[in-house]
Amino acid sequence: MAKSSTVLLCLSLCLFAVLSHTCEGRQQWQQQGNECQLDRINAIEPDNRIQSEAGTIETWNPSREQFQCAGVAIVRRTIEPNGLLLPSYSNTPQLVYIVQGRGHTGIMFPGCPETFEEPQQQGGQQQFQTGGSAQDQHQKIRTFREGDIIAIPAGVAHWCHNDGNEPVIAVTVHDTSSHLNQLDNNPRNFYLAGNPEDEFQQSQQGGRLSRGQDERRKRRQGGSTTCNNLFCGMDSSFIAEAFNIDENLARKLQGENDNRGSIIRIEGQLEFVRPPRRAQEERQEQGGGRYQLANGVEETFCSMRLKENIGDPSRADIFTPEAGRITTVNSHNLPVLRWIQMSAERGVLYNEAMRLPHWNLNAHSIIYAIRGQARVQIVNENGNSVFDGELREGQVLTVPQNFAVVKRCESDRFEWVSFKTNDNAMVNSIAGRTSAIRAIPADVLANAWRVSPEEARRLKFNRQETHLASSRSQSKGWTGRNVVKELVKDLLM
Amino acid sequence: MAKSSTVLLCLSLCLFAVLSHTCEGRQQWQQQGNECQLDRINAIEPDNRIQSEAGTIETWNPSREQFQCAGVAIVRRTIEPNGLLLPSYSNTPQLVYIVQGRGHTGIMFPGCPETFEEPQQQGGQQQFQTGGSAQDQHQKIRTFREGDIIAIPAGVAHWCHNDGNEPVIAVTVHDTSSHLNQLDNNPRNFYLAGNPEDEFQQSQQGGRLSRGQDERRKRRQGGSTTCNNLFCGMDSSFIAEAFNIDENLARKLQGENDNRGSIIRIEGQLEFVRPPRRAQEERQEQGGGRYQLANGVEETFCSMRLKENIGDPSRADIFTPEAGRITTVNSHNLPVLRWIQMSAERGVLYNEAMRLPHWNLNAHSIIYAIRGQARVQIVNENGNSVFDGELREGQVLTVPQNFAVVKRCESDRFEWVSFKTNDNAMVNSIAGRTSAIRAIPADVLANAWRVSPEEARRLKFNRQETHLASSRSQSKGWTGRNVVKELVKDLLM
Amino acid sequence: MAKSSTVLLCLSLCLFAVLSHTCEGRQQWQQQGNECQLDRINAIEPDNRIQSEAGTIETWNPSREQFQCAGVAIVRRTIEPNGLLLPSYSNTPQLVYIVQGRGHTGIMFPGCPETFEEPQQQGGQQQFQTGGSAQDQHQKIRTFREGDIIAIPAGVAHWCHNDGNEPVIAVTVHDTSSHLNQLDNNPRNFYLAGNPEDEFQQSQQGGRLSRGQDERRKRRQGGSTTCNNLFCGMDSSFIAEAFNIDENLARKLQGENDNRGSIIRIEGQLEFVRPPRRAQEERQEQGGGRYQLANGVEETFCSMRLKENIGDPSRADIFTPEAGRITTVNSHNLPVLRWIQMSAERGVLYNEAMRLPHWNLNAHSIIYAIRGQARVQIVNENGNSVFDGELREGQVLTVPQNFAVVKRCESDRFEWVSFKTNDNAMVNSIAGRTSAIRAIPADVLANAWRVSPEEARRLKFNRQETHLASSRSQSKGWTGRNVVKELVKDLLM
């Protein structure tokens, strides 16, 4: 009982938070016509693939009906070991889920100090100007690992490096319909370096390319000299003056004839100041005076937390031993999400278990299947099934706001991450202990569905679980031993 | 003087509130083109009528120009005594005004506990599973009566029952352009039970039906088996598993061949746990231990107030004995309105009295005429009259943001309710003691309109009333006796 | 060092503020299609000019691509000495910059008391009704002068008078895509008096006129009787009743055959109650009991500050003696901007100095050139230069959100004001001490651009300035004497 009231308390707090800041401020360019009159939704694999020197970028065409309705654009990046994703920023807020691998990322906020500093050798700051053996300094670097959700605000530049032994796989959802994006609904990446291809080149509104993109593409295909980063549009003399450097170096910034793409291979090892990876060591180092943070606001803001691990089984918010687990991240446990107005949910279903039918009260849900496969049904306001099929590893499926959805694991194990277009996405169950049905008097149910009072009571009270349920719990074929086996599997994955 | 400063204080507080939360977050899909280039607005009666077993549903076509500009959809429901409106939720926030009748409604918030519980007989919760004579429990039930405004957030399911002796008449405005609706601008109702027809079937964008709706309609007309509620799109085996029931019962949830529509007749009396209606009795009962609320957040949030009576004459905010009264509800007296970003105003004009000319500063106003008739003029930015005519009982008229409007009672009595698309809708008078004209120096007025200083002063100071004025006050034909007669009439209505 | 951390602190606070109210609530009607797929941006002079009795109104066609992308409409008004801009309100929030001149303005908030009152002579308030020598009273009047930014919320009426000796020149940006405008994206002015021509008559969506506007225009051209203010759409009998005046006077409000336009000439001197202009005198007068403010909310709200001077050199936020200065106004120093969701920046570049390359993180920037000329380059996400040319006095240039921009003074002196579509517009530098480049580890830069470690360090550390830099500082040709000369010039301008 105590457990259940904690859950209720938690859900109530969520709802209360939504109430108390009325202004999710979400705005939808797609409300214009009938963008969400979806007769059919599909589970989709990426439409487009770009090979870079040290990785690949795959995109889902954002002009597809379901993404137009949800106002999102989706990318999957694979970064090989020692690959570097070049610094860029986007016109949309984005939420990144690390499916696999580990690395570090620099997310640069304007006005924040360079708090990672090489140990001083001799002399002061002037020596930078003379070059040579001077020490470096830069903004905070953040590490990431499998299971992390990383929030990147619109217009904020970032880069990313794989320092592990396996490829990093990262799935990113851009919220193109966010009010934070004041440009049109096309996702855009602005690169500071390199000569990258446009990730969304095939994906413009209505399938047609904008003139600029078409041009860029032609140049690339024609093999002529291309130049796509921000410096390409400036005179080299301007760049030289701005950086107080010679024009030769300025021209190098424009990256002409650089064919490495947006993920490049680091020669040797990437060297920069960073704390050791393990938390204990970090604390020791800090005690040792390595950091010279001024005692000001930048300690609180510039070091803001931008990530949260939702892959770790021990962090589950909803857990049913025989059915699976769900971990959520929203603006209550990751406050930056209030800024970017998105949240996420990571789930695991064990063999034949079911995510009970529900609807998303105040958000779209974009599901990326991480592992295994599930049977999913999605129902619109007419009672029509707009999706009834398999969702497999690597596919994306959109569940529009208010549409009903039910998922059932069809493999040993089904794992997914759902990106939601609200920083406090709420779910309303249709079956189970916290469902809408349970909230209705039995006599209303009996009259509504023309069933007997006894049947109405069964509808309300037969399913005691809240969000996840195993079909085996029904047939009593479930034993403690099975539970332990599943759990061990979960921890080992 | 004290009175007037209270009004000023109140208005100032309203304005201040708007300032301090900048983010009404309202977003308008219709800003795309020229949706508000209205040459002509009309007073309109419902376009469509659906007969259900125990009531009727009338809708105004939301693709009409004035509703496209305001971004709203309007429905009037008549529920016969002992009729039940089936549980459903909508993709838009909605504001309901009870024109007539009384009843109770269940509005189900996810995660809130079932706090209405039948007295325990013997045994604990397990007995629910065995069915039989077990007690029921469900979420809070709210009562409503004539004059109530009820706020229902987007995506929140609710049902409604008429337990009075006369039909319940309820007018609902859906804010389709709210940022809380992330789907397109079509109003949608998602039903949990029954087999209801789509209320807005003729009303899609540009008059054309979406494919799904067309299909549904055809099936209905063809007399073939139809199924429109949320369970229809799910396999009955899935439903059975989700509810832990047999497939037979699961199929009953799909409501095939149920032709009762969305308002059904209750067989016998609807039975559920509820406190007695009168407040005193309620308090006694509570003392008697009937309620077993946990001592947690749900006491504050889950029991949130969702309604406010604005029909009661004694609650008037603006009152001029010889002219009429106005009662407003906004997020200051009903905080949930901050969430759904709407507010309302209830007004009464006595014989020949006038609502002084004004404009809505930050909202559209959708007027529903409850009783009597009035002459109304609406002026656009070009100084053109876009409406100049009668507004009669049962008609709807839209006054777009910033358009000037003046109303004059043309019957014994004119009563209306205005729904506004801002939780703190502000009005700026053009004439009267708190008007814009009064705020301008007399010499500016004299120059602007080329009138004499003495005429300018008359413009400013001849009308001492603030929002409502009787033409009879001018001719001094108004006596204390008349005033008393009107007031008595008001109280008796 | 202390100085730099103050700047950092300040920027951090700004960012923090954006974080803590997530909801700038900005919504963009133009996100629908490809409105920001700009291949070419131009520096533009006004498209349209309307001559009034005592001034001119020039507008930029808001259907131009760059203004459609930014969602703004721009007007420049020139008011001759003793000219009066007639009272009106707009469906959009607006930000006004006073390029030249001085005057006073009445901005009328609904519900605020008339706190400017003529000294009492004899008798009470009744005497207003008898006309004659009675005293006047009205809302607060505000003065303005060159360099002021004035914020006017949507739907709030205002008038303006030039009481100086030179013409007042005011540039106004309307934020048509603001969520505070619930009408469509056309800028509209609702006039209370006069018979003004529509400022944006040539400027409707797609170039075509709406029917209403076309009509108005025809009437005007045909020389027939026209009437364009709000009273024109009401019956004179209604007006008479509303103001409690005779119909003769009511008809005068409709301003028929008034051909003076929206800026009229005051006959003689405009007389109204106002405090003396100098601050000291004002304080003395207040002590003398001239003001009779009630002790209530209106003291805090109704006297809200709506303007801030950003022209005064002593108020610079960023100042580099040899390069120039920048002054910003945002919701931190002018809180009303939180309401209207805009901010502004006033800049001066000295001879050959450069505004370092940067991008606007969360806003569009609409630059109006006040004096001199500059070479400007703007780069889009494809690395294409969408503008590379001169920006001259009196021209407007839009820099869309996230596009990179660099400016260089090409005359003795270049002065500008930038209007931004966010109340806390943030800028991210590409070069200089607080730039994104500086925040990236040198080894990442070296790999990204394939430059040597030493070159990477030069990129990071060669430019020590933050936002403004003089090319001459490079060549060491800059002396203390030159600096003084520039500064003196600045103060004398």
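Here, residues in each chain are numbered from 1, in the same order as that chain's written sequence. As they are written, the chains are lettered A onward and the ligands numbered 1 onward, keeping that order. With the structure being a predicted model, the display of local features is reserved for residues of pLDDT at least 70 and the display and counting of side-chain atom pairs for 80 or more, all residues being used for whole-chain, interface and lining totals. Only heavy atoms go into the side-chain values, all of them from the structure, while hydrogens and water stay out.

Here we come to the sheet that holds strand S23 (residues 396-399) of chain B. Residues and elements named next belong to chain B. One open sheet accounts for 6 strands, arranged S16-S17-S18-S25-S20-S23; its pairing is antiparallel. Since the sheet does not close on itself, it has two edges, and those belong to strand S16 (318-320) and S23, each with one partner. With direction set aside, neighbouring strand axes in the sheet form an average angle of 15 degrees. Where strand S20 (residues 365-371) and S23 come together, 4 bridges link them in antiparallel fashion. When the sheet's bridge partners are listed, Tyr-368 is paired in S23 with Val-396. DSSP-based pairing: two strands are paired if at least 2 bridges between them are found. Secondary structure elements follow DSSP: runs of H or I no shorter than four residues count as helices, runs of E no shorter than two count as strands, and numbering proceeds from the N terminus. A fitted line through C-alpha atoms serves as each axis, taken over the contacting stretch for helices, and the angle formed by two N-to-C directions is quoted from 0 to 180°.

We now examine the packing of aromatic side chains. What characterises a pair of aromatic rings is the spacing of the ring centres plus the angle enclosed by the ring planes. Note on aromatic contacts: the rings of Phe and Tyr and the six-membered ring of Trp form a pair at centre separations within 6.5 Å, being stacked when their planes are under 30 degrees apart, edge-to-face when over 60 apart, and tilted otherwise. Using the criterion set out here, one finds 27 aromatic pairs over all chains in the structure. Both rings, one in Phe414(B) and one in Trp416(B), keep their centres 5.6 Å apart while their planes meet at 20 degrees; by these two values the pair is stacked. As far as the burial class goes, Phe414(B) and Trp416(B) line up, both buried. Grouped by ring-pair contacts, the aromatic residues Tyr89(A), Phe190(A), Trp359(C) and Phe403(C) constitute a single cluster. Comment: the charge-over-ring label is applied if NZ (Lys) or CZ (Arg) is within 6 Å of the ring centre and within 35 degrees of the ring normal. The ring centre of Trp416(A) lies 4.5 Å from the NZ or CZ of Lys407(A), which sits over that ring. Here the term buried applies to any residue with accessible area under 20% of the maximum for its type, exposed to any over 50%, and partly exposed to those in between, with areas from a 1.4 Å probe on protein chains only.

The buried count for helix H12 (residues 453-461) of chain A comes to 7 of 9 residues, which makes it a mostly enclosed element. Taken as a whole, H12(A) has its buried residues at Glu455(A), Ala456(A), Arg457(A), Arg458(A), Leu459(A), Lys460(A) and Phe461(A).

A separate point is the environment of Ala446(A). All names here are of chain A. Mapped onto the elements of the fold, Ala-446 is located in helix H11 (residues 442-449). What makes Ala-446 buried here is its relative accessible area of 8%. Between the alpha carbons of Ala-446 and Gly-233 there is a distance of 69 Å; along the sequence they are 213 residues apart. What makes two residues a contact is simply this: any of their non-hydrogen atoms within 4.5 Å. When residues no more than four places from it in sequence are discounted, the contact partners of Ala-446 are Val-451, Ser-452 and Ala-456.

Geometric values such as these leave the question of function open.
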